[in-house]
Amino acid sequence: MYYLSAIKANSHLNVFLEVYEAEALQRAQEIDRKIAGGTQGRLAGMVVGLKDVISHQDHGLQAGSRILEGFRAQFNATAVERLLAEDAIVIGRQNCDEFGMGSSNENSAFGPVRNGADPSRVPGGSSGGSAVAVQTGMCLASLGSDTGGSVRQPAAFCGLVGLKPTYSRVSRWGLIAYASSFDTIGIIARSVPDAALLLEVIAGKDDYDSTVSQSPVPAYSRQLRLDEKPRIAYIPETIQSAGLSEEIRQTILRNISSLKEDGHRVDAVVFPLLDFILPAYYILTTAEASSNLARYDGVRYGYRSTPAGSLESMYKSTRSYAFGEEVKRRIMLGTFVLSADYYDAYYTKAQKVRRLIKEKTDNIFAQYDFLILPTAPTTAFRLGEHTEDPLKMYLADIYSVQANVAGIPAISIPAGKDQNGLPIGLQIMANRFEEARLLAFAHYLMQHQ
Amino acid sequence: MNADKETLRRIAHLARLDFDEKEEGKMLDSLNKILTWVEKLNEIDTSQVEPLTHMTDEVNVLRDDEVKEPLPHDRGLLNAPDKDQDYFRVPKVLE
């Protein structure tokens, strides 16, 4: 199989934690027989990879962490169940930042993933392995997760399509939780039609997830024609920002002027809260993470350290050894902002700011169909470039977190390369549950660039 | 905000984490930098704003109370670091 040879040829990129070769080949044969009999599903033969945070029954699952050493998934995530029911082939599980916490895929217990465009550079994160797998032809598409940009930023760094659906559009049963009021399963693919078809299959209500939306799922893959001229907005500060690379700035400006030339309405809009999105995001996500990651205590699954002494020293020793530094930092920060003395000053304050961000974002979509902005402030940076300063790494998500804070869908599409040959991503956001139009517009832009 | 070592140790205990002397200094330094950075939120007046606590529009999603096959016992214990026939095992809690 073509994909298996690409996996072998690119093993130095450290993408797959496990490859299910025999199983994939056997499944391919079964699906071939179904195709011959005309009984195949909608994804017949589509080879997909899973980020190491998505549960796949009887296969390994570790969230890129030592703390889940040896863990075998006891059930399928709903998204995986639906892929398999439509005859997709799962080829393996993919390296990622530990528990989705990172923007460069350098925070993995299994070592960093390298970018296929330049192995001295990072693939982005946290779904870095999932992006490089598609970039280098190891699979046709990947399921990742996006809490603050973890699908879109690596897609941008690797020249791919990265789709973060509306919060609650896709069931999270079987997704390892990071920050539950932000987490979404997302899709990394080569083309918008592939992403649309996958979303159509995995989205929708689910008895196992009471937070998932009950609203019907449109046939996204058959609604990819842009039927009317959309109204498009951009926030000038996102393009003028000193932290934005000049080549990305020019790319976004070029796209805006060509949309105008084609007769679209494109307006600058005011959004006064740009500098507050990341701080609010980090307070809320670390708070939720500290709570979600409390379950990793060495009792029921995964790694256990066995010091002499009490149950409490077992907990502490297990967690201190097996969590990586960034995960511990976020647990500490989250525990701090949730502690009695600081709860109101940090946590409640951030929830209030979140409401303002959501309302101001909603105001934009009351008048416009789409918001255009960069996906990330730079193209892929070098390994080690931001590892010393966590704050610098956090800024890599400056343009992507708004969608998670407001719960809206967003997509990153490839928009050319910089002078080093590194892919540039262009991001489009839309109103809640407007994935059909978002995908149609993204498809249009990719064809008209 | 400038958290001190005592605060760090208290928070670490709540989070069931241990840091040695060297890690303590580094963690404290990065936490204080991040806390100072997030305090930017104080520039916004939120006195008239309610906290946003729910992100979905779904309210009380109910289902029929039917008995279904739960995770079987052996699968539940599959990943246990230490177990007997029926239970997870942990270090002694009562002397």
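Residues numbered from 1 in each chain as written. Chains lettered and ligands numbered in written order. Predicted model: local features only at pLDDT ≥ 70, side-chain atom pairs only at ≥ 80, totals over all residues. Heavy atoms only, no water.

A. Examining the layout of surface pockets more closely. Of the volumes computed, that of the largest pocket is approximately 910 Å³. Mapped onto the lining of the largest pocket, the elements with two or more residues apiece are helix H9 (274–292) and helix H12 (343–367) of chain A. Per-element accounting of the lining of the largest pocket gives the leading share, three residues, to H12(A). Partitioning the lining of the largest pocket into residue classes produces 18 nonpolar, eleven polar and eight charged. The two domains that each donate at least three residues to the lining of the largest pocket are domain 1 (2–222) and domain 2 (278–344) of chain A. Taken as a whole, the second largest pocket spans an internal volume of roughly 570 Å³. Together, 18 residues line the second largest pocket, and Trp173(A), Tyr208(A), Lys68(B), Glu69(B) and Pro70(B) are the ones closest to its centre. The class makeup of the residues in the lining of the second largest pocket is seven nonpolar, three polar and eight charged. (1 Å grid on protein atoms, 1.4 Å probe; cavity = no way out; pocket = protein on both sides within 12 Å on 5 of 7 lines; lining within 4 Å. Points joined across faces, edges and corners; volume = space filled by probe spheres on them. Helix = DSSP H or I, 4+ residues; strand = E, 2+ residues; numbered from the N terminus. Nonpolar A, V, L, I, M, F, W, Y, C, P; charged D, E, K, R; others polar. Domains from an automatic or database assignment.)

B. Looking closely at the packing of helix H11 (residues 325–338) of chain A against helix H1 (residues 5–14) of chain B. Where H11(A) contacts H1(B), the two axes come as close as 9 Å, and the packing angle between them is 100°. Comparing the axis directions of H11(A) and H1(B) gives the class roughly perpendicular. Counted together, Met332(A), Thr335(A) and Phe336(A) of H11(A) and Thr7(B), Leu8(B), Ile11(B), Ala12(B) and Leu14(B) of H1(B) form the full contact between these two elements. Of the residues belonging to the contact of H11(A) with H1(B), the class tally is six nonpolar, two polar and no charged. (Axes fitted to C-alpha atoms, helices over the stretch in contact; angles between N-to-C directions. Parallel < 35°, antiparallel > 145°, perpendicular 65-115°, else oblique. Contact = heavy atoms within 4.5 Å.)

C. A look at the domain arrangement of chain A. Residues and elements named next belong to chain A. By domain assignment, chain A separates into domain 1 (2–222) and domain 2 (278–344). Taken over C-alpha atoms, the centre of domain 1 sits 26 Å from the centre of domain 2. With 20 residues of domain 1 at the interface, the matching set in domain 2 holds 21 residues. Between domain 1 and domain 2 lies a buried interface of about 1800 Å² when both sides are counted; carbon and sulfur atoms form 61% of it. Where domain 1 meets domain 2, there are zero salt bridges. There are ten residue pairs in polar contact (both at pLDDT 80 or more) connecting domain 1 and domain 2. Counted by class, the side of domain 1 that touches domain 2 contains ten nonpolar, seven polar and three charged residues. (Buried area = accessible area lost by both parts, 1.4 Å probe. Salt bridge = Lys/Arg side-chain N within 4 Å of Asp/Glu carboxyl O. Polar contact = N/O pair within 3.5 Å; in protein donor to acceptor, adjacent residues only side chain to side chain.)

D. Focus on the interface of chain A and chain B. Facing the 69 residues of chain A at the interface are 55 residues of chain B. Three residues stand out in chain A for area buried against chain B, namely Gln74(A), Lys316(A) and Met332(A), and they jointly supply 12% of the buried area on that side. Our count for the chain A to chain B interface comes out at three salt bridges. Where chain A touches chain B, the interface holds 18 residue pairs in polar contact (both at pLDDT 80 or more). Listed by contribution, the elements that provide at least two residues to the side of chain A that touches chain B are H9, helix H10 (311–322), H11, H12, helix H13 (390–394) and helix H14 (401–406) of chain A.

E. Representation of the nonpolar core in the model. All names here are of chain A. By size, the foremost hydrophobic cluster in this structure holds 137 residues, and its most contacted members are Phe99 and Ile428. Lining this core are residues from two domains, each supplying at least three of them: domain 1 (2–222) and domain 2 (278–344). The contact partners of Phe99, leaving out residues within four places of it in the chain, are Ala63, Ser65, Ile67, Leu68, Ile176, Tyr178, Leu293, Tyr296, Phe323 and Val327. Among the nonpolar cores identified, the runner-up in size contains 25 residues, and Val113, Ala133, Val134 and Ala155 belong to it. (Core = buried A, V, L, I, M, F, W, Y, C linked by side-chain atoms within 4.5 Å. Buried < 20%, exposed > 50% of the residue type's maximum accessible area, 1.4 Å probe, protein only.)

F. Local environment of helix H15 (residues 435–448) of chain A. All names here are of chain A. Taking 1.5 Å of rise per residue, the 14 residues of H15 would be expected to cover 20 Å, and the 20 Å separating its terminal C-alpha atoms lies within 8% of that figure. Among the 14 residues in H15, ten count as buried, and that is most of the element. Taken as a whole, H15 has its buried residues at Glu435, Ala436, Leu438, Leu439, Ala440, Phe441, Ala442, His443, Tyr444 and Leu445. (Expected span 1.5 Å × (residues − 1).)

G. Quick peek at helix H2 (residues 21–38) of chain B. If you check H2(B), its first and last C-alpha atoms are 26 Å apart, about what 18 residues at 1.5 Å a residue would give, namely 26 Å. Within the span of H2(B), buried status applies to Glu24(B), Met27(B), Leu28(B), Ser30(B), Leu31(B), Asn32(B), Ile34(B), Leu35(B) and Val38(B). Looking at the buried side of H2(B), the elements it contacts are H9, H11, H12 and H13 of chain A together with H1 of chain B.

H. Fine view of the packing of H9(A) against H12(A). Residues and elements named next belong to chain A. Running from N to C, H9 and H12 point in directions that differ by 130°, and their axes come no closer than 9 Å. Regarding the angle of H9 to H12, the classification is oblique. H12 is crossed by H9, and the crossing has left-handed handedness. Here H9 contributes Phe276, Ile277, Ala280, Ile283, Leu284 and Ala287 to the contact with H12, which in turn contributes Tyr346, Tyr347, Ala350, Gln351, Val353, Arg354 and Ile357. Along the lines of polarity and charge, the residues of the contact of H9 with H12 split into eleven nonpolar, one polar and one charged. (Left-handed = near helix turned anticlockwise from the far one by under 90°.)

I. Local environment of a nonpolar patch on the surface. Residues and elements named next belong to chain B. Taken together, Val90, Val93 and Leu94 make up a surface patch of nonpolar side chains, about 300 Å² in accessible area. If you trace the backbone, Val90 turns up in the segment after helix H3 (73–76). What makes Val90 partly exposed here is its relative accessible area of 35%. (Patch = residues over 30% accessible without salt bridge, like charges linked within 9 Å, V, L, I, M, F, W, Y side chains within 5 Å. Areas by Shrake-Rupley, 256 points an atom, 1.4 Å probe, with all protein chains shown as cover.)

J. Fine view of the packing of aromatic side chains. Residues and elements named next belong to chain A. With the rule as written, the count across this model stands at 21 aromatic pairs over all chains. Judged by centre distance (5.5 Å) and plane angle (90°), the rings of Phe182 and Tyr281 are edge-to-face. Within this pair, whereas Phe182 is found in the loop between strand S5 (161–164) and strand S6 (184–189), its partner Tyr281 is found in helix H9, the two being separated by 99 residues in sequence. According to the relative accessible area criterion, Tyr281 is buried, its value standing at 3%. (Phe/Tyr/Trp six-rings, centres within 6.5 Å; stacked < 30°, edge-to-face > 60°.)

K. Geometry of the sheet that holds strand S9 (residues 370–374) of chain A. All names here are of chain A. The strand order across the open sheet formed by eleven strands is S1-S3-S2-S4-S6-S5-S10-S11-S9-S7-S8, and the pairing between neighbours is mixed. At either margin of the open sheet sits one strand with a lone partner, and together these are strand S1 (16–19) and strand S8 (265–268). Across this sheet, the average inter-strand angle for adjacent strands is 25°, counted without regard to direction. Direction of pairing for strand S7 (residues 231–234) relative to S8: parallel, over a ladder of four bridges. For Ala233, the partnering residue across the bridge sits in S8 and is Asp267. Contacts from helix H6 (residues 192–202) reach strand S4 (141–146), S5 and S6, with the element oriented near 150° to S6. (Pairing = 2+ DSSP bridges.)

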